[in-house]
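# Structural overview
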Protein chains: 8
Amino acid sequence: MNIIKHDTDRERRCGIPEVVLGERKSIENLLDVIKNFLDNSGRVIITRIGQKTTKAILDLLENDENFKEKYRTEYNSRGAALVIKSKDFVRQKTGYKIGILTAGTSDIRIAEEAKTILKELGCEAVVDYDVGVAGIHRLFPALEPMKDVSSVIVIAGMEGTLPGVVAGLVDVPVIGVPSSVGYGIGSGGRAALFTMLASCTPVAVVNIDNGYGAAVLAYQIARVKK
Amino acid sequence: MNIIKHDTDRERRCGIPEVVLGERKSIENLLDVIKNFLDNSGRVIITRIGQKTTKAILDLLENDENFKEKYRTEYNSRGAALVIKSKDFVRQKTGYKIGILTAGTSDIRIAEEAKTILKELGCEAVVDYDVGVAGIHRLFPALEPMKDVSSVIVIAGMEGTLPGVVAGLVDVPVIGVPSSVGYGIGSGGRAALFTMLASCTPVAVVNIDNGYGAAVLAYQIARVKK
Amino acid sequence: MNIIKHDTDRERRCGIPEVVLGERKSIENLLDVIKNFLDNSGRVIITRIGQKTTKAILDLLENDENFKEKYRTEYNSRGAALVIKSKDFVRQKTGYKIGILTAGTSDIRIAEEAKTILKELGCEAVVDYDVGVAGIHRLFPALEPMKDVSSVIVIAGMEGTLPGVVAGLVDVPVIGVPSSVGYGIGSGGRAALFTMLASCTPVAVVNIDNGYGAAVLAYQIARVKK
Amino acid sequence: MNIIKHDTDRERRCGIPEVVLGERKSIENLLDVIKNFLDNSGRVIITRIGQKTTKAILDLLENDENFKEKYRTEYNSRGAALVIKSKDFVRQKTGYKIGILTAGTSDIRIAEEAKTILKELGCEAVVDYDVGVAGIHRLFPALEPMKDVSSVIVIAGMEGTLPGVVAGLVDVPVIGVPSSVGYGIGSGGRAALFTMLASCTPVAVVNIDNGYGAAVLAYQIARVKK
Amino acid sequence: MNIIKHDTDRERRCGIPEVVLGERKSIENLLDVIKNFLDNSGRVIITRIGQKTTKAILDLLENDENFKEKYRTEYNSRGAALVIKSKDFVRQKTGYKIGILTAGTSDIRIAEEAKTILKELGCEAVVDYDVGVAGIHRLFPALEPMKDVSSVIVIAGMEGTLPGVVAGLVDVPVIGVPSSVGYGIGSGGRAALFTMLASCTPVAVVNIDNGYGAAVLAYQIARVKK
Amino acid sequence: MNIIKHDTDRERRCGIPEVVLGERKSIENLLDVIKNFLDNSGRVIITRIGQKTTKAILDLLENDENFKEKYRTEYNSRGAALVIKSKDFVRQKTGYKIGILTAGTSDIRIAEEAKTILKELGCEAVVDYDVGVAGIHRLFPALEPMKDVSSVIVIAGMEGTLPGVVAGLVDVPVIGVPSSVGYGIGSGGRAALFTMLASCTPVAVVNIDNGYGAAVLAYQIARVKK
Amino acid sequence: MNIIKHDTDRERRCGIPEVVLGERKSIENLLDVIKNFLDNSGRVIITRIGQKTTKAILDLLENDENFKEKYRTEYNSRGAALVIKSKDFVRQKTGYKIGILTAGTSDIRIAEEAKTILKELGCEAVVDYDVGVAGIHRLFPALEPMKDVSSVIVIAGMEGTLPGVVAGLVDVPVIGVPSSVGYGIGSGGRAALFTMLASCTPVAVVNIDNGYGAAVLAYQIARVKK
Amino acid sequence: MNIIKHDTDRERRCGIPEVVLGERKSIENLLDVIKNFLDNSGRVIITRIGQKTTKAILDLLENDENFKEKYRTEYNSRGAALVIKSKDFVRQKTGYKIGILTAGTSDIRIAEEAKTILKELGCEAVVDYDVGVAGIHRLFPALEPMKDVSSVIVIAGMEGTLPGVVAGLVDVPVIGVPSSVGYGIGSGGRAALFTMLASCTPVAVVNIDNGYGAAVLAYQIARVKK
């Protein structure tokens, strides 16, 4: 029984390549998925895969001469995402620029997931990590190089204030990503999520830790017909 | 003591006029706010004001000859929003088109709030209410006239499925607004909110019943520099 | 002290064999349970037992010549369920057909639990896994071979939309099983559970991850007197 | 703008007539809905409408000679549901029998909603209200006359134990409806809902106070092809 | 039976006069309490009493010549607090100055409660209401006149960001009071509460709407021995 | 159809007379219940009935000469409970003594419910209301007259500390009743409930506002066979 | 610095020996506690200690000749509790008998904790484990030998129905202990807790998994003065 | 890319040195942070770092001769905090005294975090751990040596009663820190948090386990200008 259904039509319909959620999938299952995707579209993007699983898969694949001849791998050392492509896969450049900010260093894993997706969608990410809120003066220089982005992805855990503050300072849409990093009442990301939703200055909120969703929304915003 | 601080600078900074939340404000308080705004910017937009308070305020204002000479009022019969403008206030047309869909007839109040804000921002709203999910075939004709919108605002209560379904069918950003309409586990809007956040196809989510925020995001998306 | 009370009467009363919850039971405890059940009814069904415990138990039992002579084992490689029967145990065929659908590949463990129970109840399961919602067009071919089932079990995590969508397309009862797979607001299965309960099109909902309960309900529905 | 979309196709597709949720709809809105439904299918069923609104609508309609000539009304004194039909509307009898039990007298409103829907679907309801759990001996005589029902709808508030207890005693599917009646930890129906979901003996659970959904499921179970 | 126990000793022990919670007390009950307190300490402070109850009580008392001869009343037009004192009651001046800020005009009721308590404790309140967060530039002029306060009470509803922002700008303790004003995920004050607790810059948080507690803490901070 | 099933057997089985929950029952429904109980056992006890409903029922009954000849009524001015008995009903005295304490004056309604039930069970209640926790020194004199009670019922809202404190001071069982009185995080009684459950010194906890349950437990404890 | 304060006075005041919570304490810390208690009262009772920690401590102590000469140890193989006593410690017999029931075999760890505490308090426990609710007929024989107990401790996880059912059948107090065993909506014990609190038949509820608290309450109930 | 932004200005602005949250940071990341801080301010304070990570970092650093020549390390054996300073770093003494109390021995880790921060801020901590609430008489001797502190930090898990009790006995501000230690309804610290917030006697509450925030608030209170 073949249980993986690659939605090749989706890319045509929505313009977004399907992405595989690595979490809670076994290595065997992931290898099947990789093969299936590479055969169908020449590229596979796996998020939330973890450093250990990434390493195990790469060890297996890169010892396979056949594989190495045809494909190349790109991965993120923080385990945020793994991308495998046939050597002749060409990524269309879009010219879109998108900003990514994080409130703390622990949110970077989510930021890197967003960045990888944006790259695969042909966009350029302008990033600045750890701008915090405790020292709001750190925010202004971080926004400087983002003058011509079409939107800003802002990732924050604990009390999740940063996206609302940024939204009060810029004139492009702000996409808020609550991060599950934190402790006490801030653990798991719910406090950050609720803050972003209740923000006086409108923020486009996505699920906790959902770097992928933020990237896709940013891409959709950038390509809005003009 | 003057306790209302009209943020006139905000319009310049973010391009979005400040909007007054009518809920839990007394009629006296609202009349002060109205005067303050009209003096400063020639327009005041009040949301979540309710039919009874709207009527009371209009009764007071429209019996005042001075007022009637200088200002005109626009309001929504469902109590979604009240707009008062000096007669010479000119609304810039932007040419932006934005779609608005609701899952049920009870969600229309939120939709009308979004529509009023969009209108005041110079945008055109293409609306279709009560497309449901129980009969998904009703969705396709509703999307037809939205072919050239820059985003779609989708409002849904109870289980809040509609935004995710729409997001799987269109290539522009979908802004999901959970509605507090519903009963049992669906009352208050949390079930709808969580569904939209957890949706497989990315949705830009705003607070429960937040038609205003959805409109502002839609406007920001439409004007993204090209 | 004998602390396991095999409810042999239950099978007669409700027509459903008692099933053992493997979770949080020690191997010693499970071996006692297995012996007790095999002595009383010639069959034991253990769910939520995990691959490691399953393996440990099978290693012990299959090295026992006495055991191997009298009993045979059936288990699911995903650890969903373990069935042990005396060699002369005969499973009555009922001729009932039941559909099983999952939204994602991670929900398959729950589906396999339901499938094992249905098999032990003498039913045939028509399965299709990973039909998703992001690509709703994948749903129609999956429903094709289910034309003569008496109900459909639909398993979905994250936002749990699939059961409600299926219920709008078929005329048999849909049994919704929320799956705990997911992250952020979707982790633990509550978002999926609430979506299924609040669904506009009625769904018969069972506990998160409860493949067993779904199978029993499907069986009860199929055998309704005519 | 016509904002009510009567899903006439749904009846054909799923065999279930569309039902209108009366809650939070204005009298004007409901009159539009009624007209629309009567014109299209000759019948309208409105649930969760309340005694006051029912009375207001009946007062208006029954003073209209035209209306009285063509239509007849049926309503429930507890405000559970209002049914209006053209005089020549013929309800198909199905011969299906379904049981309805409530734990307390306060749950009867929900039971009556289910009963009205079942009647409109051509089914017969065998009811027994207030069987409690405090005195479990009251349960057995209540189950006596339900010997040939195809399923039992069990409605319970507070701790919601009754459906699980009934499910341990009968061999047909039990549909559990948590009721929002109760106080303290039992108010709003969540405690009852969680009890039914976590029940050891499988129960098909629907949303809190959802008599309509329970009735539709019971009907779907009864008509399962044989 | 005398059921009110005036804790006269408390004032001596902790230096804080006992305050009566007016909410859910009948007018009869409140009149008993007032008499009891005036007899024992010459002053009674009632919070959360509401405009209607305040008016009813004042109407009764001020028509009583005996009462008017001996006592004077002070109340807040927003129903935040009612104070009654014997004419010879002398409030000690402490010379302490405390700042009070609110994020929105709807939070003023809580601010006024805090201000009344501070006044009765002999402190001076420096207040600025409606400084918002959407326009953070409004915050700096509001902080100017607070240069010599010993702490700042900051009241905010919805997402409750303001206290954390203020705490990053001043060097005195910030006392955060979540306000129950808001809608959707921000209603009831939990989102604001969690934001303040999870704030990166430490905030001393009190219960939702607890203007009284904030005032007492501010007073205790001001009088810390030096 | 007779829908009220008086569980006359219960009194024999558990020794506790059945009690009617007045809340959400119509006056008509309550009159039926009263008649049914008086005919069967000569006494009816109705809790959570409210002052308005109590008054309406008493007005009806006491204008009925037949009724007045045969029955007498006892009710609590706070609407906590209504008791109606035939004139020849004799309440057995048990000699049991039980203590009742409340933390605040707003908790008295619950205390009076418990007291009425205890009286009907033939017990004597030793009560002291408003002992607070803010002034723990008020507790000791309140406990003095409770030296020979068999248990203490302690009712507290807000943070619900009192039962745990009392349990550390006495050697009889303490029954904790969380009260729904309070505001902010303390509203609805959950904070008080969780405090009592998590108390280091064991407390027997019942549902929020459940004075009836506390009284029955106290009675069961008092009559434990010796 | 000596940080352990043995509350020797407590035993005198409340008649209950202090018990040590083993959870999250290091082995070093526990050895200090043990020494402190043995020196002061000749006995130490440690609950929630786990099998691994118990073994580590026993290995250390039983290799110490000095220790073995003076003390003896009693522990529960399920890690429920560890008791160490000087050899001449004499446990007073009280003659009290208390019943303990569990709904499932996974709840036995909690039951054993209660049983150990009761034994140390000089009581006799009459136990029956795994009586379930799915088969209520298993309950009656389990209650037979409990005819002369002074209360019944009933432990149940998942939906926690058993204590309420037992309370409807016996005339002594029932102490309900929710167990954290379960999955989905039943995991962590909240569903069981809420069921017990909302039970129609009064149950004395303690914290989730709190076998200790249940035992102390049962003891306090048994010794109520007569 | 340099992603760590040391907020050197913050110390000047608020008088509080920035502190690093060790949790979920890799050893490599922490070494970068340490270097960055030592270069900029001569001191780094890391909280919530854990014993294992602390040990790994110290092993690396102390084997580095260069490091040992210039810096000295101070750490807490419970993993509460790690401080590294250049040998010539001089900590200003403030003369401020602050009290720290814990309810149980498991809360000491949080207390030690607060104590380390206070020490680095030049304050003296007067500590007493394990004063409990079960035996309130243990509290009075613990408060004795705290007569001249400017505030008391009180840490409590489970039901979190202690801060409110202390606040009723002292005349300085009490800072309540809920601790995540506990089980059942008390696990994770929410019950303790809600108790402290709802306390009748005002308590300044910080996030669960937030020893750092409590220390900073205590320091800010102590230095209030006089």
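Just so it is clear, the structure is predicted and the values come from calculations on it, not from any experiment.

### Re the overall build of chain A
A tally of regular secondary structure across chain A gives nine helices and nine strands. Burial statistics for chain A: of 226 residues in total, 66% are counted as buried. Sequence-distant contacts in chain A: of pairs separated by 6 or more residues, those separated by 24 or more amount to 67%. Roughly 8,100 Å² of accessible area belongs to chain A as shown, and the carbon and sulfur atoms make up 49% of that amount.

### A word on the packing of aromatic side chains
Considering all chains together, one arrives at 16 aromatic pairs over all chains under this definition. Consider the rings of Phe67 of chain D and Tyr71 of chain D, whose centres lie 5.2 Å apart with planes at 40°: the pair is tilted. For Tyr71 of chain D, a relative accessible area of 14% corresponds to the buried category. Above the ring of Tyr183 of chain F, the side-chain terminus of Arg48 of chain E is found at 3.9 Å from the ring centroid.

### Things to note about the interface of chain D and chain C
Contacts between the two partners involve 33 residues from chain D, matched on the other side by 33 residues from chain C. Three residues, Asp171, Leu197 and Pro202 of chain D, lead the burial of chain D against chain C; their summed loss comes to 21% of the area buried on that side. Our count for the chain D to chain C interface comes out at zero salt bridges. Summed over the shared surface of chain D and chain C, the result is three residue pairs in polar contact (both at pLDDT 80 or more). Listing elements by their share of the side of chain D that touches chain C, those giving two or more residues are helix H1 (8-14), helix H8 (190-198), strand S9 (204-205) and helix H9 (211-222) of chain D. It is H9 of chain D that contributes the most residues to the side of chain D that touches chain C, six residues altogether. Among the residues forming the side of chain D that touches chain C, the class breakdown is 20 nonpolar, six polar and seven charged.

### Some words on the domain arrangement of chain A
Interfaces are frequently sized by the accessible area removed from exposure as the parts join. Residue and element names in this part refer to chain A. Domain boundaries assigned for chain A yield domain 1 (10-86) and domain 2 (97-225). With 17 residues of domain 1 at the contact, the number on the domain 2 side is 15 residues. Both faces combined, the contact of domain 1 with domain 2 buries some 1,300 Å², and carbon together with sulfur accounts for 54% of it. It is Ile16, Arg48 and Arg78 in domain 1 that bury the most area against domain 2; as a group they hold 37% of the surface buried on that side.

### Let's talk about unusual backbone geometry
In this structure, Asp209 of chain C is a non-glycine residue whose phi angle is positive, near 65°. With respect to the helices, strands and loops of the structure, Asp209 of chain C is situated in the loop between strand S9 (204-205) and helix H9 (211-222). With a phi close to 50°, Arg48 of chain G is a non-glycine residue in the positive phi region. The topology assignment puts Arg48 of chain G in the loop between strand S2 (43-47) and helix H3 (51-62).

### Comments concerning the pairing of strand S6 (residues 124-128) of chain G
Residues and elements named next belong to chain G. Of the pairings in the sheet, the one linking strand S5 (residues 97-102) to S6 comprises five bridges and is parallel in character. Paired with Ile98 across the strands is Ala125, a residue of S6. Regarding topology, helix H5 (residues 108-120) serves as the crossover connection from S5 to the parallel S6, and that connection is right-handed.

### Re the relation of the copies chain D and chain C
Taken together, a rotation about one axis and a shift along it account for how the two chain copies relate. Least-squares fitting of chain D to chain C yields an RMSD of 0.0 Å, with the superposition described by an axial translation of 0.0 Å and a rotation of 180°. A rotation of that kind, with that shift, is consistent with a two-fold axis. The overlap is high: 100% of the interface residues of chain D also sit at the interface in chain C, so the same surface is used on both sides.

### Remarks on the sheet that holds strand S2 (residues 43-47) of chain B
Residue and element names in this part refer to chain B. Strands sit in the order S1-S2-S4-S3 across an open sheet of four strands; the sheet is mixed. The open sheet has two edge strands, strand S1 (20-21) and strand S3 (71-75), and neither has a second partner. Sheet topology places S2 next to strand S4 (residues 81-86); five bridges connect them, and they run antiparallel. Counted as the bridge partner of Ile46 is Leu82 from S4.

### Thoughts on the pattern of salt bridges
Following the criterion strictly, the structure yields 93 salt bridges over all chains and no others. Lys85 of chain D is the partner of Glu120 of chain D in a salt bridge, and the nearest nitrogen-oxygen pair spans 3.0 Å. One end of the pair, Glu120 of chain D, is in helix H5 (residues 108-120); the other, Lys85 of chain D, is in strand S4 (residues 81-86), and 35 residues separate them in sequence. By the burial criterion, Glu120 of chain D is buried, and Lys85 of chain D matches it. A salt bridge links Arg72 of chain H to Glu74 of chain H, with the shortest nitrogen-to-oxygen separation between them at 4.0 Å.

### Here we look at the packing of helix H8 (residues 190-198) of chain A against helix H8 (residues 190-198) of chain B
Across the interface, H8 of chain A lies against H8 of chain B with an axial gap of 14 Å and an inter-helix angle of 100°. Regarding the angle of H8 of chain A to H8 of chain B, the classification is roughly perpendicular. Side by side, H8 of chain A and H8 of chain B meet where Arg190, Leu193, Phe194 and Leu197 of chain A of the first sit next to Arg190, Leu193, Phe194 and Leu197 of chain B of the second. Split by residue class, the contact of H8 of chain A with H8 of chain B holds six nonpolar, no polar and two charged.

### Overview of helix H8 (residues 190-198) of chain F
Of all nine residues that make up H8 of chain F, eight are buried, and the element is covered over most of its length. Within H8 of chain F the residues assigned to the buried category are Ala191, Ala192, Leu193, Phe194, Thr195, Met196, Leu197 and Ala198 of chain F.

### Describing the side chain of Ser86 of chain D
Residues and elements named next belong to chain D. Its location among the elements puts Ser86 in strand S4. In this structure Ser86 comes out as buried when scored by relative accessible area, which is 12%. Looking at Ser86, its side chain comes within polar contact range of the side chain of Asp88, at 2.8 Å. Excluding its chain neighbours within four sequence positions, the residues that come into contact with Ser86 are Gly42, Lys70, Tyr71 and Arg72.

### Let's talk about the environment of Val20 of chain E
Residue and element names in this part refer to chain E. Structurally, Val20 is set in strand S1 (residues 20-21). The exposure class of Val20 is buried, given its relative accessible area of 6%. Between the alpha carbons of Val20 and Ala81 there is a distance of 9.8 Å; along the sequence they are 61 residues apart. Those residues in contact with Val20 that lie beyond four places of it in its chain are Lys25, Leu30, Val33, Phe37, Val44, Ile45, Ile46 and Thr47.

### Looking at the sheet that holds strand S3 (residues 71-75) of chain A
Residue and element names in this part refer to chain A. Strand order in the open sheet formed by four strands is S1-S2-S4-S3, and the pairing between neighbours is mixed. Whereas interior strands pair on both sides, the edge strands pair on one side only; in this sheet they are strand S1 (20-21) and S3. Lying on the sheet, helix H2 (residues 27-41) is in contact with S1, strand S2 (43-47), S3 and strand S4 (81-86); it crosses S2 at an angle near 145°.

### So, the environment of Ser179 of chain F
All names here are of chain F. Here Ser179 lies in the loop between strand S8 (174-178) and H8. The buried category is assigned to Ser179, whose relative accessible area is 1%. C-alpha separation for the pair Ser179 and Val83, spaced 96 residues apart in sequence, amounts to 23 Å. One polar contact links Ser179 to Asp107, side chain to side chain, over a distance of 2.8 Å.

### What about a positive patch on the surface?
Taken together, the side chains of Arg190 of chain A, Arg190 of chain B, Arg190 of chain C, Arg190 of chain D, Arg190 of chain E, Arg190 of chain F, Arg190 of chain G together with Arg190 of chain H present a region of like positive charge at the surface. Here Arg190 of chain H lies in helix H8 (residues 190-198).

### Examining the packing of H2 of chain A against helix H3 (residues 51-62) of chain A
Residues and elements named next belong to chain A. Where H2 meets H3, the axes come as close as 11 Å, and the angle between the chain directions of the two elements is 60°. When the interaxial angle is binned, H2 and H3 end up oblique. By crossing handedness, the relation of H2 to H3 is classed as right-handed. Facing Ile27, Leu30, Leu31 and Ile34 of H2, the residues of H3 in contact are Thr53, Ala56, Ile57, Leu60 and Leu61. Tallied by class, the residues present in the contact of H2 with H3 amount to eight nonpolar, one polar and no charged.

### Section: the environment of Gln92 of chain C
Residue placement: Gln92 of chain C occurs in the loop between strand S4 (81-86) and strand S5 (97-102). Ignoring any residue separated from it by four or fewer positions in sequence, one finds Gln92 of chain C in contact with Leu121 and Gly122 of chain C.

### What about helix H3 (residues 51-62) of chain C?
All names here are of chain C. Over its 12 residues, H3 extends 16 Å from the first C-alpha to the last, a length consistent with the 16 Å expected when each residue adds 1.5 Å. Restricting attention to buried positions, one finds in H3 the residues Thr54, Ile57, Leu58 and Leu61. Buried residues in H3, looked at end-on, bunch into an arc of 100°, giving them a common side. The outward face of H3, more than 90 degrees from its buried face, is lined by the exposed residues Lys52 and Lys55. On its buried side, H3 packs onto helix H2 (27-41), helix H4 (65-70), strand S3 (71-75) and S4.

Rules used in this analysis
- Residues numbered from 1 in each chain as written.
- Chains lettered and ligands numbered in written order.
- Predicted model: local features only at pLDDT ≥ 70, side-chain atom pairs only at ≥ 80, totals over all residues.
- Heavy atoms only, no water.
- Helix = DSSP H or I, 4+ residues; strand = E, 2+ residues; numbered from the N terminus.
- Buried < 20%, exposed > 50% of the residue type's maximum accessible area, 1.4 Å probe, protein only.
- Contact = heavy atoms within 4.5 Å.
- Areas by Shrake-Rupley, 256 points an atom, 1.4 Å probe, with all protein chains shown as cover.
- Phe/Tyr/Trp six-rings, centres within 6.5 Å; stacked < 30°, edge-to-face > 60°.
- Lys NZ or Arg CZ within 6 Å of the ring centre and 35° of its normal.
- Buried area = accessible area lost by both parts, 1.4 Å probe.
- Salt bridge = Lys/Arg side-chain N within 4 Å of Asp/Glu carboxyl O.
- Polar contact = N/O pair within 3.5 Å; in protein donor to acceptor, adjacent residues only side chain to side chain.
- Nonpolar A, V, L, I, M, F, W, Y, C, P; charged D, E, K, R; others polar.
- Domains from an automatic or database assignment.
- Pairing = 2+ DSSP bridges.
- Right-handed = clockwise from strand over helix to strand, strands pointing away.
- Least-squares fit on C-alpha atoms with pLDDT ≥ 70 in both.
- Axes fitted to C-alpha atoms, helices over the stretch in contact; angles between N-to-C directions.
- Parallel < 35°, antiparallel > 145°, perpendicular 65-115°, else oblique.
- Patch = residues over 30% accessible without salt bridge, like charges linked within 9 Å, V, L, I, M, F, W, Y side chains within 5 Å.
- Lys, Arg positive; Asp, Glu negative; His and termini not counted.
- Charge placed at Lys NZ, Arg CZ, Asp CG, Glu CD.
- Left-handed = near helix turned anticlockwise from the far one by under 90°.
- Expected span 1.5 Å × (residues − 1).
- Arc of directions from axis to C-beta.

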